[in-house]
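# Descriptive analysis of the structure
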Amino acid sequence: MAKVIKMASPSASTKKKNKITNVLYYGDFNCTTGFGNVSKNLIDNWLKDKNLKITIFAINDFSEKTYNYAENVLVIPAPSVSEDKKDVYSRIEFLKLLYQNDFDILFCLNDVEIFNEMGEHLQNVKKEKRLKNKPNFKSILYFPIDSEPRPTDLKVVSFFDEVITYTEYAKAVMKPLLTETQFKKIKVIPHGCDTTNFFPLNEFEKAKVKEEMFGADKFVFGSVNRNSARKDLGSLITGFAMFKHKNQAEDSILYLHCNPLDPSGINIYRLCERVGLEVGKDVIVPKDFNENKGFSESELNKIYNSFDCFITTTTAEGWGLTITEAMATKTLVICPKHTSLAEISDNGLNTLNFMFHQQAVFVNDFEKIRFTTNPLEVVTLMEVAYNLHNEPDELKDMVKAKIENAYKKVSGMKWETIAKKFKDIIYKLS
């Protein structure tokens, strides 16, 4: 039987003297998911404070055993202790860990629906600790909303002491579904942008990277998104095929930074064959791409800098990290203007936007309402980006202003500042 680690807790007198705050962090870590990216940026800032003792129960960390990420950060890879390999969240082991150890703060990062399913069990852990006169904990939930939720999805918000979401969009769509008391608990703390690792290269470096990756004479449309139903690469590929054939744009290519055979998405090879595109020539995908390993940040920064245009037909976003990363490299972004993206783009001030969207519901997606892009709009905006050098100066200046506005916006989104906001909340509760 797999064992959850029971950790030694400092005595009350030691804790008071050293003012150590014990935090259990439950979320993705040491992986290339969006949640994992957020976790790394928060933890890397928090670990500098030695009065925080952090235990990470790490979802999607496939390390074989527990390890120290830093002197004051212990990582327990959830899959390594999980008995139920079908439960990617290792919920039973998480609840055991929470009950068996004396944490001051529980910090949770994931979709609210995941915790909603555990609401009763979380209540029971607190209740049992209280009955046995064991030290209890305060809790923080940080979560995205990427489509309008159901009332039942939000029942768990009453359990948490602090409820924090990514965007004003998320807060707004939750308002009709919450009581006044529940809604007053909702705070908004946006993500940061790692401008240390994502930044514009100079023109010489950009040209060199582009030549090495794709060829100096290519016009590169690029997308950094997982090949999943929600990202809807099908609309992007079919739109690109229509654009390329209509304009005879032989020098244009579409780079898709993903696994072309991801089980959660489409078979990119098969779709490209259907629409008259050749993978390796018209559509480029990385070799031996692995979702769990990914690329280094320096490699990814070069990829963004090699693009003439970043483009996504995503059907919904809780945030959209790759969009803000592209903005940080001063790359023109084409994206929808729905969910969180209207906020990130300052209602289109920072991007070229698809304006019309068709509602859609995907299989195995909790029946959430998504917004698909019409491939004809892909054609139109690709033509704008591709032909920009031939357009009037007024249009060129407008696009340059969008790029600069985007860069200025993300340059002010410091993870250090975001992490401090959370740390202040942790100390307020402990």
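Right above here is the structure, for reference.
What this report covers is the structure whose coordinates are included nearby. Since the model is a prediction, treat every value here as computed from it, not as a measurement.

In this structure, Trp 46 and Phe 107 are the most contacted members of the largest nonpolar core, which totals 57 residues. Ignoring anything within four residues of it in the chain, the contact list for Trp 46 reads Tyr 25, Leu 52, Ile 54, Phe 107, Ala 419, Phe 422, Lys 423 and Ile 426.

A few words on the sheet that holds strand 11 (residues 283-284). Strand pairing in a sheet relies on backbone hydrogen bonds. The paired strands run either parallel or antiparallel. Pairing in this open sheet of six strands is parallel, and the strands run 11-10-9-12-13-14 from one edge to the other. Two strands in the sheet have a free side with no partner beyond their single neighbour: strand 11 and strand 14 (352-354). Where strand 9 (residues 219-223) meets strand 10 (residues 252-256), five bridges bridge the pair, whose relative direction is parallel. Paired with Gly 222 across the two strands is Tyr 255, which belongs to strand 10.

With that settled, the discussion passes to the pattern of salt bridges. Note on pairing: side chains with opposite charge can pair once their charged atoms come close. Considering all chains together, one arrives at 23 salt bridges under this definition. Ionic pairing is found between Asp 153 and Arg 150, a salt bridge with its closest N-O pair at 2.7 Å. Assessed through its relative accessible area of 7%, Asp 153 is described here as buried. Sharing partners across several salt bridges, the network here consists of Glu 113, Asp 146, Asp 365, Lys 368 and Arg 370.

This part takes up the packing of aromatic side chains. In total, this model carries 25 aromatic pairs according to the counting rule given. Note on Trp 46 and Phe 107: the rings are 5.2 Å apart at their centroids and 75 degrees apart in plane angle, and the pair reads as edge-to-face. Here Trp 46, found in helix 2 (residues 34-46), pairs with Phe 107, found in strand 5 (residues 105-109); they are 61 residues apart in sequence, far enough to count as distant. Pair check on accessibility: Trp 46 and Phe 107 agree, each one buried.

All right, on to the state of the cysteines then. Think of a disulfide as a covalent bridge from one cysteine sulfur atom to another cysteine sulfur atom. Under the definition given, this model contains zero disulfides. Considering cysteine sulfurs only, Cys 31 is the nearest to Cys 108, which forms no disulfide, with 16 Å between them. Note on Cys 108: relative accessible area 0%, which makes it buried. Free cysteine Cys 309: the closest other cysteine sulfur is in Cys 335, separated by 10.0 Å. Its relative accessible area of 0% is what places Cys 309 among the buried residues.

Attention now goes to the environment of Leu 256. Relative to the helices and strands, Leu 256 resides in strand 10. For Leu 256, a relative accessible area of 0% corresponds to the buried category. The spacing of Leu 256 and Val 361 is 105 residues in sequence and 24 Å in space, taken between C-alpha atoms. The contact partners of Leu 256, leaving out residues within four places of it in the chain, are Ser 223, Leu 236, Ile 237, Ile 268, Val 283, Ile 284, Val 285 and Pro 286.

Okay, the environment of Ile 105 next. Following the sequence through the fold, Ile 105 ends up in strand 5. Take Ile 105: its relative accessible area is 0%, and that puts it in the buried class. Taking the C-alpha atoms as reference, Ile 105 lies 5.3 Å from Phe 137; in sequence the two are 32 residues apart. Residues contacting Ile 105, with those up to four places away along its chain left out, are Thr 21, Asn 22, Val 23, Leu 24, Phe 137, Lys 138, Ile 140, Ile 426, Leu 429 and Ser 430.

To continue, consider helix 12 (residues 297-306). Of the residues making up helix 12, those classed as buried are Leu 300, Asn 301, Ile 303, Tyr 304, Asn 305 and Ser 306. Looking at the packing, one finds that the buried side of helix 12 touches helix 9 (203-213), strand 9, strand 10, strand 12 (309-311) and helix 13 (321-328).

It is worth spelling out the sheet that holds strand 8 (residues 186-188) at this point. Ordered by their spatial adjacency, eight strands build an open sheet running 3-4-2-1-5-6-7-8, and the pairing between neighbours is mixed. Every interior strand has two partners, whereas the edge strands, strand 3 (67-70) and strand 8, have only one. Between one strand axis and the next, the sheet turns by 25 degrees as a mean value, whatever way the strands run. As judged from the five bridges shared by strand 5 and strand 6 (residues 138-143), these two strands associate in the parallel manner. Opposite Leu 109, over in strand 6, you have Tyr 142 as the bridge partner. Relative to strand 1 (residues 21-28), helix 4 (residues 91-100) is tilted by about 175 degrees, and along the sheet it contacts strand 1, strand 2 (52-59), strand 4 (73-77) and strand 5. Packed onto the sheet, helix 17 (residues 415-429) meets strand 1, strand 2, strand 5, strand 6, strand 7 (162-165) and strand 8 and runs at close to 160 degrees relative to strand 6.

Cut-offs applied
Residues numbered from 1 in each chain as written. Predicted model: local features only at pLDDT ≥ 70, side-chain atom pairs only at ≥ 80, totals over all residues. Heavy atoms only, no water. Core = buried A, V, L, I, M, F, W, Y, C linked by side-chain atoms within 4.5 Å. Buried < 20%, exposed > 50% of the residue type's maximum accessible area, 1.4 Å probe, protein only. Contact = heavy atoms within 4.5 Å. Pairing = 2+ DSSP bridges. Helix = DSSP H or I, 4+ residues; strand = E, 2+ residues; numbered from the N terminus. Salt bridge = Lys/Arg side-chain N within 4 Å of Asp/Glu carboxyl O. Phe/Tyr/Trp six-rings, centres within 6.5 Å; stacked < 30°, edge-to-face > 60°. Disulfide = S-S within 2.5 Å. Axes fitted to C-alpha atoms, helices over the stretch in contact; angles between N-to-C directions.

These figures come from the coordinates and say nothing about function on their own.
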